[in-house]
Amino acid sequence: MIVRNLEECRKSGRLVTAENGNWDSTRMVLADDNVGFSFNITRIFPGTETHIQYKHHFEAVFCIEGEGEVETLADGKVYTIRPGDMYLLNEHDEHLLRGKEKGMTVACVFNPALTGKEVHREDGSYAPADE
Ligand code: 9YT
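Being a predicted model, the structure only gives us computed values, none of them experimental.

What counts as what
Residues numbered from 1 in each chain as written. Predicted model: local features only at pLDDT ≥ 70, side-chain atom pairs only at ≥ 80, totals over all residues. Heavy atoms only, no water. Patch = residues over 30% accessible without salt bridge, like charges linked within 9 Å, V, L, I, M, F, W, Y side chains within 5 Å. Areas by Shrake-Rupley, 256 points an atom, 1.4 Å probe, with all protein chains shown as cover. Salt bridge = Lys/Arg side-chain N within 4 Å of Asp/Glu carboxyl O. Helix = DSSP H or I, 4+ residues; strand = E, 2+ residues; numbered from the N terminus. Near = heavy atom within 4 Å. Polar contact = N/O pair within 3.5 Å; in protein donor to acceptor, adjacent residues only side chain to side chain. Nonpolar A, V, L, I, M, F, W, Y, C, P; charged D, E, K, R; others polar. Phe/Tyr/Trp six-rings, centres within 6.5 Å; stacked < 30°, edge-to-face > 60°. Buried < 20%, exposed > 50% of the residue type's maximum accessible area, 1.4 Å probe, protein only. Pairing = 2+ DSSP bridges. 1 Å grid on protein atoms, 1.4 Å probe; cavity = no way out; pocket = protein on both sides within 12 Å on 5 of 7 lines; lining within 4 Å. Points joined across faces, edges and corners; volume = space filled by probe spheres on them.

Caption draft 1: Seen up close, a nonpolar patch on the surface. A surface patch of nonpolar side chains, about 370 Å² in accessible area, is lined by Phe-62, Ile-64, Met-86 and Leu-88. Listing elements by their share of the nonpolar patch, those giving two or more residues are strand S5 (58-72) and strand S7 (86-89). Here Leu-88 shows up in strand S7.

Caption draft 2: Main features of the site of the ligand. Near the ligand there are 15 residues, and of these Ser-25, Arg-27, Tyr-54, Glu-59 and Tyr-126 occur at the shortest range. Take Tyr-126: an N or O atom from its side chain is 2.4 Å from an oxygen atom of the ligand. Calculation on the ligand without its partners gives an accessible area of 310 Å², and the protein chains cover 100% of this total. A per-class count over the shell around the ligand returns nine nonpolar, four polar and two charged.

Caption draft 3: Up close: the packing of aromatic side chains. All chains considered together, the criterion is met by three aromatic pairs. Aromatic pair Tyr-54 and Phe-110: ring centres 5.0 Å apart, planes at 80°, arrangement edge-to-face. One end of the pair, Tyr-54, is in the loop between strand S4 (49-52) and S5; the other, Phe-110, is in strand S8 (residues 95-111), and 56 residues separate them in sequence. Judged on exposure class, the residue Tyr-54 and its partner Phe-110 are both buried. Seen in terms of ring centroids, Phe-110 and Tyr-126 are 6.1 Å apart; in terms of plane orientation they differ by 40°. Their pairing is tilted. Residue Phe-110 is located in strand S8, and its partner Tyr-126 is located in the segment after S8; the two are separated by 16 residues in the primary sequence. In this structure, Phe-110 and Tyr-126 share a single accessibility class: buried.

Caption draft 4: How the structure looks around the pairing of S7. Alternating positions in S7 separate cleanly, Tyr-87 and Leu-89 being buried on one face and Met-86 and Leu-88 remaining unburied on the opposite face. As paired elements, S5 and S7 share four bridges and run antiparallel to each other. Across the sheet, Val-61 pairs through a bridge with Tyr-87, a residue of S7.

Caption draft 5: Seen up close, empty space enclosed by the protein. Throughout the structure, instances matching the rule amount to one cavity of 30 Å³ or more. In this model, the largest cavity occupies a volume close to 130 Å³. Lining of the largest cavity is provided by 18 residues; of these, Thr-42, Ile-52, Tyr-54, Glu-59 and Cys-108 occupy positions nearest its centre. For the lining of the largest cavity, the secondary-structure elements that each account for two or more residues are strand S2 (23-29), strand S3 (38-44), S5 and S8.

Caption draft 6: Main features of the pattern of salt bridges. Under the defined criterion, the tally for this structure stands at nine salt bridges. In this structure, Asp-24 engages Arg-43 in a salt bridge whose closest nitrogen and oxygen atoms are separated by 2.7 Å. With a gap of 19 residues between them, Asp-24 in strand S2 and Arg-43 in strand S3 connect regions that are remote in the sequence. Judged by its relative accessible area of 6%, Asp-24 is buried. Among the ionic pairs, Glu-67 bridges to Lys-100, the shortest N-O distance being 3.9 Å. Here Lys-100 lies in strand S8 and Glu-67 lies in strand S5, a separation of 33 residues in the sequence. Looking at Lys-100, the relative accessible area reads 23%, which means it is partly exposed. Salt bridges sharing common partners tie together Glu-49, Glu-67, Glu-69, Glu-71, Arg-82, Arg-98 and Lys-100.

Such coordinate-based values are descriptive only and should not be taken to indicate function.
This is the structure in structure tokens:
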């Protein structure tokens, strides 16, 4: 079994900050744990908007604290995300992710697992696991 602590992970190289400063993410479980998914805690910063489309991954996102918004671009729907809400990007949904006044902290599961080196590409995706 593996036990890891969020604050210790943040201090030991598992904390990644978006190039545009919109969010940071602590990768608590990664591909090299070999369990088929990754798990991270992400802070979406206040007043930010991020264009995302995980073309090669599925992602479940659970809101722990704060408030944000997801706009799905295919249909223009806007979802307010509050503590206790989960959204699942089961169709590789292209979306805009926004942090409201206080930002938002979320827990994220990716399949396939992130390796920890991913950065958002121009089209909002992460490279496939084998690239
Ligand atoms: C919720 C979301 O997709 N935020 C962007 C960062 C992502 N969770 C990551 O790479 O950790």
